[in-house]
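A look at the structure
The primary structure of each chain is shown beneath.
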Amino acid sequence: MTKQQEKRVATFCKLAASQRKTVEKLSVMPFEGQNMTHRRKRMIESKAQDRREAEKLLDKMTALAEAWEAGTVPEALQGITQKAQVEKVLHLARFPYPYVRLSSLRRLWEAHQHEEAIAPYIDLIAELLGRSDRQSKDWQVRLEPEEIDPVLALQKLYEDPALTELVDDYRRLVKAGITDDDTLQAAQQALQALGDPEAGEMTLVDQIAAMERDVRLRPIEGFFPTPPDIAKRLAETLNPS
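Below is a summary of the structure that appears in this document. (Residues numbered from 1 in each chain as written. Predicted model: local features only at pLDDT ≥ 70, side-chain atom pairs only at ≥ 80, totals over all residues. Heavy atoms only, no water.)

The helix and strand tally for the protein stands at 10 helices and three strands. When the elements of the protein are put in sequence order from the N terminus, they spell out α-α-α-β-α-α-β-α-β-α-α-α-α. The C-alpha radius of gyration of the protein comes to 26 Å, more than 25% above the 18 Å expected for a compact globule of 241 residues. With respect to the principal axes defined by its C-alpha atoms, the protein has extents near 85 × 55 × 30 Å. Expressed as a percentage of its 241 residues, the buried residues of the protein come to 33%. With 35 positive and 40 negative side-chain charges, the protein shows a spacing of 6 Å between the two charge centroids. (Helix = DSSP H or I, 4+ residues; strand = E, 2+ residues; numbered from the N terminus. Rg over C-alpha atoms; globule rule 2.2 N^0.38 Å. Buried < 20%, exposed > 50% of the residue type's maximum accessible area, 1.4 Å probe, protein only. Lys, Arg positive; Asp, Glu negative; His and termini not counted. Charge placed at Lys NZ, Arg CZ, Asp CG, Glu CD.)

Listed below in C-alpha cells is the structure:
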C-alpha cells in the first residue's frame, strides 16, 4: 500500500469512527414512554430521518476506507478527502456553480457607485451586469473562477450576504477534482456503487415504529397505549419466570 493509500485509509477510518458516534446519538429517540402528540411525532420522525441519512454517510465513508485499502477507489472519487465532500456528492442535484445575484449587485452599484472604495470593482460590475443580457436567467449570473475572489471582496466590503452564493460548495468540490456537472455525475455514480445500497433506507423496524406512532394518535374507542415501562412490569407479573 502506498503512502497516499495509507493516508486515505486513516482519514476515512477516522471520519467513519466519528460518524458512528453521530449515528449512535441519533438512534436515541426522544419522548420514550411519554404520550404521543402530533408535535412529538414530527420531532421523532425528523430525528429518525437524520439517523438514516447519517447511516448512509457512515456506510459510504466506511466503503471509501475499504476501497482505498484494497486499491480499488474509482478515479472519480480519488480527490475526495472530507466528510463535507462526500455529503455534497450524495445530495447535490447539480454542480454548484457560484453566481452573483443581479438585484443585489444593481442595488449595491446604485448606492455606492460614487464611492472611492468601489473604484477597483467598476470593470467587474460592468462585465457582470452586461453579461446578464447574454444569459437566459436575468436574476443571476454565473461567476468565472477568476471572478470569485473579487466578488467575495466586494461582498465583504459592503456586508451584503445576498450578493453571491454556493462559493463554499463550489470550492469544496473543485478541491476534490469535481469541476462541473459531468464530473459530479461521475462521482455520484461511483459513490452509489460503493457500500450497501440499502444503507439509510427505512428498515422493517422503522416502518413498524412509524405505524405504531400513527396508531397512538388515532381516536380508537377503548384503546389506550400502555407506556413501555408499565407494559414491561405487567408482563413480568403475568410471567414471573
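Moving on to helix α1 (residues 3-26). Relative to the 34 Å expected for 24 residues at 1.5 Å per residue, α1 spans 35 Å between its end C-alpha atoms, a close match to the ideal helical length. Every buried residue belonging to α1 is among Gln5, Arg8, Val9, Phe12, Ala16, Gln19, Val23 and Leu26, and all of these are buried. Contacts made by the buried residues of α1 are with α2 (38-70) and α3 (83-91). (Expected span 1.5 Å × (residues − 1). Contact = heavy atoms within 4.5 Å.)

Inspection of every chain in the model, using the stated rule, returns two aromatic pairs. With a centroid separation of 4.7 Å and 65° between ring planes, the pair formed by Phe95 and Tyr97 is classed as edge-to-face. Judged by its relative accessible area of 3%, Phe95 is buried. Pairing Phe95 with Tyr170 gives two aromatic rings, centres 5.8 Å apart and planes at 75°, and the pair type is edge-to-face. Within this pair, whereas Phe95 is found in the loop between α3 and β1 (99-101), its partner Tyr170 is found in helix α7 (residues 167-175), the two being separated by 75 residues in sequence. Residue classification places Tyr170 among the buried residues on the basis of a relative accessible area of 13%. An aromatic cluster is built from Phe95, Tyr97 and Tyr170, whose rings are joined through pairwise contacts. Above the plane of the ring of Trp68 lies Arg8, whose end atom (NZ or CZ) is 5.7 Å from the centre. Against the face of Tyr97 rests Arg142, its NZ or CZ located 3.7 Å from the ring centre. (Phe/Tyr/Trp six-rings, centres within 6.5 Å; stacked < 30°, edge-to-face > 60°. Lys NZ or Arg CZ within 6 Å of the ring centre and 35° of its normal.)

Attention now goes to the side chain of Gln5. Within the secondary structure, Gln5 sits in helix α1. A relative accessible area of 16% means that Gln5 is categorised as buried. At a separation of 3.0 Å, a polar atom in the side chain of Gln5 contacts the main-chain amide nitrogen of Thr2. Not counting residues up to four positions away in its chain, the partners in contact with Gln5 are Trp68, Glu69 and Gly71. (Polar contact = N/O pair within 3.5 Å; in protein donor to acceptor, adjacent residues only side chain to side chain.)

Once that is clear, we can look at the packing of α3 against helix α8 (residues 181-192). Axes are the key here: two packed helices are described by the angle between their axes and the distance separating the axes. Running from amino to carboxyl end, α3 crosses α8 at an angle of 100°, the nearest separation of the two axes being 9 Å. Relative to α8, the element α3 is oriented roughly perpendicular. Residues Val86, Val89 and Leu90 of α3 form the contact with α8, whose participating residues are Leu184, Ala187, Gln188, Leu191 and Gln192. For the contact of α3 with α8, a count of residues per class yields six nonpolar, two polar and no charged. (Axes fitted to C-alpha atoms, helices over the stretch in contact; angles between N-to-C directions. Parallel < 35°, antiparallel > 145°, perpendicular 65-115°, else oblique. Nonpolar A, V, L, I, M, F, W, Y, C, P; charged D, E, K, R; others polar.)

Of all hydrophobic cores here, the largest spans 43 residues; its most connected members are Leu77, Val86 and Leu154. Of all the elements in the fold, those that place two or more residues in this core are α1, α2, α3, α4 (102-112), α5 (122-131), α6 (145-157), α7 and α8. Examining the composition of this core, we find that seven residues originate from one element, α2, more than from any other. Here Leu154 is in contact with Leu105, Leu108, Ile118, Tyr121, Ile125 and Leu163, once residues within four sequence places are set aside. In this structure, Ala16, Val23, Leu26 and Ala54 belong to the second largest nonpolar core, which totals five residues. (Core = buried A, V, L, I, M, F, W, Y, C linked by side-chain atoms within 4.5 Å.)

What follows covers the pattern of salt bridges. In this structure the tally under the stated criterion is 10 salt bridges. A salt bridge links Arg213 to Glu45; the shortest N-O distance between them is 3.8 Å. Of this pair, Arg213 sits in helix α9 (residues 204-217) while Glu45 sits in helix α2; the two residues are 168 residues apart in sequence, bridging distant segments of the chain. Residue Arg213 is classed as buried on the basis of its relative accessible area, which comes to 12%. The exposure class of Glu45 is partly exposed, given its relative accessible area of 28%. For Asp169, the salt bridge goes to Arg172, with nearest N and O atoms at 3.3 Å. (Salt bridge = Lys/Arg side-chain N within 4 Å of Asp/Glu carboxyl O.)

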